[in-house]
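# Structural overview for review
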Amino acid sequence: MDLEKPSPQRQDPEGCLAVAIRVPVRIVVLVLVVPVRMVWDALVVGGRFLNDTVLRPLGRALLWLGRALFVWPFVALWRYVVVPVAQGLAWLGNVLFVIPAVWLYRYLLTPLGHACAWLARGIGAGLEWLYARVLTPVGHAVMWVLRGLGAVLAAIGLGVFGVVAWLVRYLLVVPALWVYEWILAPVGRAIAWCGRGLMWLVSTVATGIGIALYWIARVLFVLPAVGLYRWVLAPVGRVLAVIGREIRDALGHAWRVAGRISLAVGRFLANLFRWVFVEPVRWVYRTVLTPVGHVVRDVVLRPVAEAARGVGRATRQALTTARETVRQARADFRRMLFGEPKQREAVARREPPGRETRTLGSSTTALTKD
């Protein structure tokens with residue numbers, strides 16, 4: 001059986017380097033991986049056994065202990081202490097605070113609020129009359145006076161503003177415009193022309209220096225780096241990629257082969273343990289302990305059990321006889337001290353005293369009774 005999984009077809013053709021590297025790498029990796037895989041499988045089996053026999057029962061015990069120590073006491077505390085206390089406090093708060101507050105709101109604050117509202121409505125009506133009859137005419141008069149004063153002040157302000165504006169225009173604005181048009185503008189144009197010429201010169205020099213530095217850097221750094229990448233790093237990278245791919249495939253193949261080897265070794269050890277320990281113990285139990293147990297059961301245990309049952313029956317009979325004797329002696333002693341008990345007189349009954357069933361030939365009425 002082929003132990004290697006069928007891998008998809010490679011897109012790139014394999015060279016002689018890959019074929020030459022594959023077999024030695026797989027042999028070396030297989031030798032290195034087999035012990036690791038066997039140790040790993042042993043740890044997995046031991047971990048599962050430890051989990052099933054120790055950790056899981058221990059976890060369940062710790063979970064039960066945690067519930068017993070932390071959950072159940074708090075549940076009992078909540079259910080039997082906190083909830084009754086909270087209910088009592090709620091009832092007490094209702095009696096001490098809610099009912100008095102409702103009574104205070106209903107019988108004190110509500111009438112007081114109605115009285116305050118009626119007083120506020122009266123004060124509001126008085127203020128409304130004062131506003132309509134007193135403050136409104138006074139305000140209209142004050143506004144008429146203020147409008148007159150505003151018109152006078154506006155006329156004076158317009159005159160002053162016109163004079164100041166004429167003075168500012170002919171004393172400041174006109175001279176400033178003349179200075180800007182005939183002095184500052186020509187000087188600024190000359191400075192701008194000189195600056196543009198200087199910037200063109202600087203940019204031309206900088207461009208030449210940049211081109212020279214570009215070609216120097218290209219010749220000194222870029223071309224050697226491209227040559228190094230193209231003729232050294234790329235072939236080395238391809239070789240390393242082939243080696244890495246082969247090591248990866250070899251690791252996968254070796255891990256699967258080591259798994260089969262580990263499985264075979266585990267089955268061999270399991271069969272060895274079975275034939276060395278389990279089968280002898282089973283043979284001893286089946287051929288020695290079972291017949292001996294049957295003999296012990298038939299020869300020793302069953303007679304002992306029968307004897308024990310007989311002793312139990314005899315003991316129960318003796319105890320019953322002793323109880324009857326004690327009861328009879330107690331009755332004789334009572335008759336000796338107090339005499340015979342009085343017998344009750346028989347009373348005529350409409351029903352028969354016995355437990356006989358009714359038949360067609362007998363009657364149970366008092367007039368037709370036999």
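Criteria and cut-off values
Residues numbered from 1 in each chain as written. Predicted model: local features only at pLDDT ≥ 70, side-chain atom pairs only at ≥ 80, totals over all residues. Heavy atoms only, no water. Helix = DSSP H or I, 4+ residues; strand = E, 2+ residues; numbered from the N terminus. Buried < 20%, exposed > 50% of the residue type's maximum accessible area, 1.4 Å probe, protein only. Areas by Shrake-Rupley, 256 points an atom, 1.4 Å probe, with all protein chains shown as cover. pLDDT = per-residue confidence, 0-100. Contact = heavy atoms within 4.5 Å. Salt bridge = Lys/Arg side-chain N within 4 Å of Asp/Glu carboxyl O. Phe/Tyr/Trp six-rings, centres within 6.5 Å; stacked < 30°, edge-to-face > 60°.

Moving on to the overall build of the protein. On a plain count of helices and strands, the protein comes out with one helix and zero strands. Sorting the 370 residues of the protein into buried and exposed places 7% on the buried side. Surface accessibility of the protein: about 32,000 Å² in total, with carbon and sulfur atoms responsible for 73%.

For the rest of this paragraph, the subject is the confidence of the model for the protein. Within the protein, residue pLDDT values average 81, and 85% of them lie at 70 or more. With pLDDT under 50 throughout, residues 1–13 is counted as low confidence; its partners more than four residues away or in other chains account for 13 contacts. Every residue in residues 366–370 scores below 50 in pLDDT, and together they form five contacts with partners more than four places removed in sequence or on other chains.

Taken as a whole and judged by the stated rule, the model has eight salt bridges. Across the pair E279 and R274 runs a salt bridge whose closest N-O atoms are separated by 3.1 Å. Overall, E279 belongs to the buried group, its relative accessible area being 17%. Salt bridges sharing partners connect three or more residues here, namely R274, E279 and R282.

Our next topic: the packing of aromatic side chains. Within this structure, the stated rule accounts for five aromatic pairs. Arranged with centres 6.0 Å apart and planes meeting at 85 degrees, the rings of W64 and W72 form a pair that is edge-to-face. The exposure class of W64 is exposed, given its relative accessible area of 52%. For the ring pair W103 and Y107, a centre distance of 5.9 Å and an interplane angle of 40 degrees mean the geometry is tilted. Highlighted residues: W103 and Y107, both in helix α1 (residues 16–338), separated by four residues, approximately one helical turn.

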